[in-house]
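Examination of the molecular architecture
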Amino acid sequence: MRGNVEICCGTGRTIDRVTDARLCRCGGSSNKPFCDGTHRRNGFNSDT
Ligand code: FES
């Protein structure tokens, strides 16, 4: 995503403030909530 974004956890604590981020959707990232490329190895497919 692009734009001014504040990423917060469930308690409301700010994780990061960014203007450009790739968020993990596969659940396998070691750097959640950000994508670390693990989706390429864990079989994640956003089309299913
Ligand atoms: S979407 Fe999960 S590591 Fe990229």
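First things first, this report covers the structure right here in the doc. (Residues numbered from 1 in each chain as written. Predicted model: local features only at pLDDT ≥ 70, side-chain atom pairs only at ≥ 80, totals over all residues. Heavy atoms only, no water.)

Describing the pattern of salt bridges
In the structure shown here, the tally under the stated rule is 2 salt bridges. A salt bridge links arginine 2 to aspartate 20; the shortest N-O distance between them is 3.6 Å. With arginine 2 in strand β1 (residues 2-8) and aspartate 20 in strand β2 (residues 14-20), this residue pair connects regions lying 18 residues apart in the sequence. Judged by relative accessible area, arginine 2 falls into the exposed class, the value being 71%. Of the residues examined, aspartate 20 reaches a relative accessible area of 46% and is grouped as partly exposed. Its salt-bridge partner being glutamate 6, residue arginine 17 comes within 2.6 Å of it at the nearest N-O pair. With arginine 17 in strand β2 and glutamate 6 in strand β1, this residue pair connects regions lying 11 residues apart in the sequence. Accessibility expressed as a relative area gives 63% for arginine 17, which makes it exposed. Under the relative-accessibility criterion, glutamate 6 is labelled partly exposed at 40%. (Salt bridge = Lys/Arg side-chain N within 4 Å of Asp/Glu carboxyl O. Helix = DSSP H or I, 4+ residues; strand = E, 2+ residues; numbered from the N terminus. Buried < 20%, exposed > 50% of the residue type's maximum accessible area, 1.4 Å probe, protein only.)

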